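Chain residues, written in single-letter form:
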Amino acid sequence: MDGSSASSQKVSAKYVVLSDTTLWYSYRDFPLLDFLPCAPTNTIPDFVYRLLRGPAPAALPDGRALYAPYSIRLLESALLQRYQEDQVVVPHQDYIENFIGSDTEIVAVGTMDPLGYGPLTMSFTTLFNNYYPYVRKEFERLILRITKCLKRKGNKKARILVGGPGVWEFTISPEELDRLGISFAFQGEADDIVCDLFGWLSEGVALEAHESLFPGFYTFDSNFHKSWITNKKFITRGAFSRQAPKLEQIPEIRRPSMKSLVEVMRGCGIGCDFCEVTLRPLRYYPPERVAREVEINVRLGGFRNAWLQTDEVFAYMHGKNFEPNQEALISLFKAVMSVRGVESTNPTHGRISIPSAYPDLIRNLSQIAKASPSNWIGIQVGIETGSDRLAKIHMPNKTLPLKIGQDGSWAEIVWRGTYVLNKYYWRPAFTVQVGQPGETPEDNWETVALINWLSNSSLDDGRPFEFTVTPMQNVPLGRLKSRNLTANMLDESQLAVYYASYRHLAKMASRNAMRDSGGNPLVRLATAAAISFGGKLMFQTIKTICKQRGIDVDKVNVHGLDRKLSQPRLLNPRLS
Ligand code: SF4
């Protein structure tokens with residue numbers, strides 16, 4: 001059912017919980033299209049954006065959302081532990097106004113990238129010198145809609161509260177909270193304290209009175225030392241109280257999540273020096289719990305897949321020296337696939353060194369997940385760089401249990417991991433970074449060489465390597481604030497990384513657009529054409545910028561190929 005067939009029932013709720021509208025679409029389930037809202041608004045016409053975004057998600061007959069982002073479902077479940085069903089509503093985006101009334105007390109909005117400061121959005125902003133991405137446009141539009149609705153209903157007491165992983169962006173630009181009319185931004189995990197927090201906010205209790213909370217936000221210096229900054233527009237957990245809920249304090253979802261996403265763990269522990277996730281306490285959900293949530297998605301949401309949220313799946317209950325816990329991973333996959341109705345599953349993120357070192361594990365997981373030429377397992381993998389030097393500086397544990405040098409170069413570890421993943425029908429979506437601290441042009445040329453090598457590789461049966469690669473921009477905070485972001489801030493080597501990445505993406509888009517597009521034949525054709533054309537257009541744009549900067553793209557096209565292709569292809573004889 002789509003939104004248009006829901007009833008016009010209007011029931012004001014005490015707590016209205018929703019998220020940034022960019023998180024409510026399935027983006028035609030095409031690999032990487034979830035990143036579409038990161039694009040600047042002037043690069044993709046609105047009608048193409050809407051076409052690729054796909055149809056509106058479903059609504060229930062009473063105007064509530066049939067599907068909601070997983071984090072919103074968790075928040076809903078946490079609130080329902082104390083409040084009644086009619087007091088807590090997750091509305092469908094078309095019916096938000098139906099549930100906001102004169103007695104609504106809090107409208108909570110979860111967000112990922114409200115101001116467009118995320119690394120992928122920044123990479124587009126830099127290239128196109130346009131500071132108005134769809135993520136920001138949609139977020140602003142939603143908040144404006146809420147503030148207008150509250151005004152229309154004569155509700156002056158309701159608080160607009162934003163939370164979620166994107167809240168750090170407001171710590172860079174706190175003035176945006178006032179400008180948009182947002183009452184508070186909550187930073188951090190809230191599962192165990194959200195009932196109290198909402199109660200206190202409703203009652204107008206001064207938050208300073210509660211030791212567990214701090215009126216301000218935390219931030220990190222370049223060495224990841226945490227400090228607290230006082231600011232009354234922010235709420236976070238106090239420095240001397242528990243920083244995150246215990247596993248048993250995280251509720252299970254009661255209703256279906258978007259794309260059938262369920263969480264399997266929080267935290268990571270690998271310790272890459274650019275990553276905040278690693279600082280969170282590690283919590284692993286038992287397979288039975290994960291299966292129960294998958295069952296909700298299948299039974300109430302009609303899904304046939306399960307998407308497993310983790311920042312590093314191969315760290316799930318990991319062993320010494322970050323060796324994978326094969327037994328635990330197999331139990332997890334088996335538990336998910338044993339839910340009646342589930343036909344496929346894939347984790348959101350994982351590191352490449354594990355497929356590289358443990359091909360048998362990947363083969364076993366593929367068998368359990370029924371991976372095949374028509375059922376690829378997608379996984380996002382941060383390879384970050386092609387440079388041994390940078391990998392050793394910023395992410396020494398990410399290569400474990402393999403070691404750079406002893407087990408080959410970082411590029412070889414990545415190549416072999418890609419080989420194994422593709423062999424067993426896993427398709428990695430790689431990300432690489434430019435602008436890392438201490439980076440030199442030589443490091444970036446190593447990244448170009450790696451991308452070219454992978455792009456020109458194939459399996460022993462002749463299948464070309466299947467992967468995507470997306471460059472991410474590390475923007476210094478000072479520059480972010482001044483918004484002095486243009487392609488001129490990229491040096492030639494950084495632009496070459498963009499060029500090599502988008503050259504490969506264009507190749508993948510034209511190769512796979514038709515095969516991977518969904519919908520009826522006409523929609524499929526239109527989507528495939530838009531994706532293929534978009535890939536080529538993006539590549540041509542970067543090519544033009546490179547040429548304007550005097551970069552010899554013919555040289556970039558072949559950079560590193562002679563060197564890489566002459567190296568041994570496989571490190572593990574069992575694979576040959
Ligand atoms: S492996 Fe991934 S999630 Fe873990 S610390 Fe490194 S970048 Fe962060």
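A. Structural context of the overall build of the protein. If you tally the helices and strands in the protein, you get 20 helices and 17 strands. Against the 2.2 N^0.38 benchmark of 25 Å for 576 residues, the protein shows a C-alpha radius of gyration of 23 Å, consistent with a compact globule. With respect to the three principal axes, the spread of C-alpha positions in the protein is 70 × 55 × 50 Å. Each of the 576 residues in the protein was classed as buried or not, and the buried ones make up 59%. Of the contacts made within the protein by residues no fewer than 6 positions apart, 79% connect residues no fewer than 24 positions apart. Element-wise, carbon and sulfur atoms account for 54% of the exposed surface of the protein, whose accessible area totals about 22900 Å². If you average the places of the 67 positive and of the 59 negative side-chain charges in the protein, the two averages end up 3 Å apart.

B. Structural context of the site of the ligand. The local shell around the ligand consists of Cys-268, Ile-270, Gly-271, Cys-272, Phe-274, Cys-275, Thr-278, Asp-311, Glu-312 and Lys-398. Its residues assigned to classes, the shell around the ligand comprises five nonpolar, two polar and three charged.

C. Up close: the side chain of Gln-187. Summarising the element assignment, Gln-187 is placed in strand β5 (residues 184-187). The buried category is assigned to Gln-187, whose relative accessible area is 7%. One polar contact links the side chain of Gln-187 to the main-chain amide nitrogen of Tyr-218, over a distance of 2.8 Å. If near-sequence neighbours (up to four positions away) are discounted, Gln-187 is found in contact with Val-167, Thr-171, Phe-217, Tyr-218, Ile-235, Thr-236 and Arg-237.

D. Representation of helix α1 (residues 46-53) in the model. Buried residues of α1: Val-48, Tyr-49, Leu-52 and Arg-53, and no others. One side of α1 carries all its buried residues, which in axial view fall inside an arc of 135°. Within two residues after α1, Gly-54 carries a phi angle of roughly 90°, on the positive side.

E. Quick peek at the pairing of strand β14 (residues 344-347). Side chains Ser-344 and Asn-346 of β14 all project onto a buried face; the interleaved residues Thr-345 and Pro-347 project onto the opposite face, where all are buried too. Looking at chain direction, strand β13 (residues 305-309) and β14 are connected through four bridges and run parallel. The partner of Asn-305 across the bridge, within β14, is Ser-344.

F. Molecular detail of the domain arrangement of the protein. Taken domain by domain, the protein holds domain 1 (3-237), domain 2 (256-350) and domain 3 (377-576). Each partner contributes to the interface: domain 2 provides 16 residues, whereas domain 3 provides 17 residues. With both chains or domains summed, domain 2 and domain 3 bury close to 1300 Å², and 59% of this area falls on carbon and sulfur atoms. The interface formed by domain 2 and domain 3 includes zero salt bridges. For the interface between domain 2 and domain 3, the tally reads five residue pairs in polar contact (both at pLDDT 80 or more). Per-element tally for the side of domain 2 that touches domain 3: the top contributor is β14, with three residues. Residues belonging to the side of domain 2 that touches domain 3 are distributed by class as follows: eight nonpolar, six polar and two charged.

G. Layout of the sheet that holds strand β16 (residues 426-434). In spatial order, the strands read β15-β16-β17; together these three strands make up an open sheet with parallel pairing. The two strands at the open ends of the sheet, each matched to only one other strand, are β15 (377-384) and β17 (468-473). In this sheet, adjacent strand axes meet at a mean angle of 25° when their direction is disregarded. Sheet strands in contact with helix α14 (residues 410-423) are β15 and β16, and its direction is about 155° off that of β16.

H. Representation of the sheet that holds β5 in the model. Here we have seven strands laid out as an open sheet, ordered β2-β1-β3-β4-β5-β9-β6, and mixed in their pairing. The open sheet has two edge strands with one neighbour each: β2 (88-89) and β6 (213-214). Bridge analysis of β5 against strand β9 (residues 234-237) gives three bridges, and the strand direction is parallel. Considered in β9, the bridge of Ala-185 is made with Phe-234.

I. Up close: the pattern of salt bridges. Taken as a whole and judged by the stated rule, the model has 33 salt bridges. In this structure, Arg-255 and Glu-76 form a salt bridge, with 2.6 Å as the shortest nitrogen-oxygen distance. Residue Arg-255 is found in the loop between β9 and β10 (261-263), and its partner Glu-76 is found in helix α2 (residues 70-80); the two are separated by 179 residues along the sequence. Since its relative accessible area comes to 1%, Glu-76 is described here as buried. The residue Asp-443 makes a salt bridge to Arg-389 at a minimum N-O spacing of 2.6 Å. Within this pair, whereas Asp-443 is found in helix α15 (residues 441-455), its partner Arg-389 is found in helix α13 (residues 388-394), the two being separated by 54 residues in sequence. Overall, Arg-389 belongs to the partly exposed group, its relative accessible area being 38%. Because the salt bridges share partners, they merge into one network encompassing Glu-189, Asp-191, Glu-263, Arg-266 and Arg-283.

J. Main features of helix α4 (residues 119-128). Counting buried positions along α4 gives eight out of ten residues, so the element sits mostly inside the fold. Two residues or fewer past α4, Asn-129 is found with a positive phi of approximately 50°.

K. The arrangement of the packing of helix α10 (residues 326-337) against helix α12 (residues 359-368) in detail. The contact between α10 and α12 brings their axes to 9 Å, and the two run at 15°. With respect to their mutual orientation, α10 and α12 come out roughly parallel. Both α10 and α12 take part in a crossing whose hand is right-handed. Taking contact as the criterion, the partners of Gln-326, Leu-329, Ile-330, Phe-333, Lys-334 and Met-337 in α10 are, on α12, Leu-361, Asn-364, Leu-365 and Ile-368. Partitioned by chemical class, the residues of the contact of α10 with α12 number seven nonpolar, two polar and one charged.

So, how was this worked out
- Residues numbered from 1 in each chain as written.
- Predicted model: local features only at pLDDT ≥ 70, side-chain atom pairs only at ≥ 80, totals over all residues.
- Heavy atoms only, no water.
- Helix = DSSP H or I, 4+ residues; strand = E, 2+ residues; numbered from the N terminus.
- Rg over C-alpha atoms; globule rule 2.2 N^0.38 Å.
- Buried < 20%, exposed > 50% of the residue type's maximum accessible area, 1.4 Å probe, protein only.
- Contact = heavy atoms within 4.5 Å.
- Areas by Shrake-Rupley, 256 points an atom, 1.4 Å probe, with all protein chains shown as cover.
- Lys, Arg positive; Asp, Glu negative; His and termini not counted.
- Charge placed at Lys NZ, Arg CZ, Asp CG, Glu CD.
- Near = heavy atom within 4 Å.
- Nonpolar A, V, L, I, M, F, W, Y, C, P; charged D, E, K, R; others polar.
- Polar contact = N/O pair within 3.5 Å; in protein donor to acceptor, adjacent residues only side chain to side chain.
- Arc of directions from axis to C-beta.
- Pairing = 2+ DSSP bridges.
- Domains from an automatic or database assignment.
- Buried area = accessible area lost by both parts, 1.4 Å probe.
- Salt bridge = Lys/Arg side-chain N within 4 Å of Asp/Glu carboxyl O.
- Axes fitted to C-alpha atoms, helices over the stretch in contact; angles between N-to-C directions.
- Parallel < 35°, antiparallel > 145°, perpendicular 65-115°, else oblique.
- Left-handed = near helix turned anticlockwise from the far one by under 90°.

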